[in-house]
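Here is how the chains run, residue by residue.
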Amino acid sequence: MADNVQNAVRAAEVARKTNETDIKLAFGVDGSGKVNLETDVPFLNHMLDLFAKHGQFDLTVDAQGDVDIDDHHTVEDIGICLGQALATALGDKRGIKRYASVFVPMDEALAQVVIDLSNRPHFEYRAEYPSQQVGSFSTELVEEFLWKLALEARITLHVIVHYGKNTHHMIEAVFKALGRALDEASIIDPRVQGVPSTKGVL
């Protein structure tokens, strides 16, 4: 059974088209950090690149949205699509480690991401940024993205920014920590027999 789990391809593709956005996304859990990002939100491109590189995920995103209004719909819908792809790629979660807690510093900033791939969507967020904008990107969209990711992936996600002075650094630390925590939690552990839950299912 362990060999079958190890050899399974953990990847998924999602397409979502609404009156506000048109998104095609592909996500591979067991990747090499290969990214191809085409969105109308440059700062999110940067953060997704960090997430994928530090998590060793393969990620392709082709997204257009109504950014003439603002970035909200595009950021939210990419979070939805990434969450759906993650849920599909992980399947029944047989053999995974399930939990992870990761601290990442970025210069003066320190962020922590704690994950349980639990099939119980829950999100806790503790972050206060010095600035409400990074360039044209609104910092409130970080919470929107993470909440939709947790909801659609059906994971428990706690994000804490312990301190920092530079808003860009603080958000960057969050996305790096998210990638590394998700990588650690989703790793196949050969010691785990079946699903890592006393319930027998996640």
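Residues numbered from 1 in each chain as written. Predicted model: local features only at pLDDT ≥ 70, side-chain atom pairs only at ≥ 80, totals over all residues. Heavy atoms only, no water.

(A) Region of the structure containing the sheet that holds strand β4 (residues 58-65). Pairing within the open sheet is mixed, and its 4 strands lie in the order β1-β2-β4-β3. This sheet does not close on itself; its edge strands, each paired only once, are β1 (11-17) and β3 (35-38). Going across the sheet, the axis of each strand differs from the next one's by a mean of 5 degrees, ignoring polarity. Examined bridge by bridge, β1 and strand β2 (residues 21-28) share 7 bridges and lie antiparallel to one another. Bridged to Ala 12 within β2 is Phe 27. Sheet strands touched by helix α2 (residues 42-55): β2, β3 and β4. Its angle to β3, the strand with the most contacts, is close to 165 degrees. (Pairing = 2+ DSSP bridges. Helix = DSSP H or I, 4+ residues; strand = E, 2+ residues; numbered from the N terminus. Axes fitted to C-alpha atoms, helices over the stretch in contact; angles between N-to-C directions. Contact = heavy atoms within 4.5 Å.)

(B) Molecular detail of the nonpolar core. Counting 64 residues, the largest nonpolar core has Leu 25, Phe 27, Leu 59, Phe 145, Leu 146 and Leu 157 as its most contacted members. For this core, the leading source of residues is helix α5 (residues 167-186), giving 10 residues. If we ignore the near neighbours within four places in the chain, the residues touching Leu 146 are Phe 123, Tyr 125, Leu 157, Val 159, Val 174 and Leu 178. (Core = buried A, V, L, I, M, F, W, Y, C linked by side-chain atoms within 4.5 Å. Buried < 20%, exposed > 50% of the residue type's maximum accessible area, 1.4 Å probe, protein only.)

(C) Quick peek at the sheet that holds strand β10 (residues 156-163). The mixed open sheet is built from 4 strands, whose spatial order is β5-β6-β10-β7. Strand pairing shows two members of the sheet lacking a second neighbour, β5 (99-106) and β7 (122-126), which therefore form its edges. Across the sheet, the mean angle from the axis of one strand to that of its neighbour is 10 degrees, orientation sign disregarded. The pairing of strand β6 (residues 109-116) with β10 spans 7 bridges and is classified as antiparallel. Across the sheet, Asp 116 pairs through a bridge with Thr 156, a residue of β10. Packed onto the sheet, helix α4 (residues 140-153) meets β7 and β10 and runs at close to 160 degrees relative to β7.

(D) Summary view of helix α3 (residues 72-90). End to end, α3 covers 27 Å across 19 residues, agreeing with the expected 27 Å (1.5 Å per residue, within 8%). Backbone geometry just after α3 places Gly 91 at a positive phi near 60 degrees. (Expected span 1.5 Å × (residues − 1).)

(E) A look at the packing of α4 against α5. Viewed as axis vectors pointing N to C, α4 and α5 meet at an angle of 15 degrees, and their least axial separation amounts to 12 Å. As summarised for this structure, α4 and α5 are arranged roughly parallel, according to the angle between their axes. You can see that α4 and α5 cross each other, and the crossing is left-handed. Contacts between α4 and α5 involve Val 142, Phe 145, Leu 146 and Leu 149 from the former and Ile 171, Val 174, Phe 175 and Leu 178 from the latter. Counted by class, the contact of α4 with α5 contains 8 nonpolar, no polar and no charged residues. (Parallel < 35°, antiparallel > 145°, perpendicular 65-115°, else oblique. Left-handed = near helix turned anticlockwise from the far one by under 90°. Nonpolar A, V, L, I, M, F, W, Y, C, P; charged D, E, K, R; others polar.)

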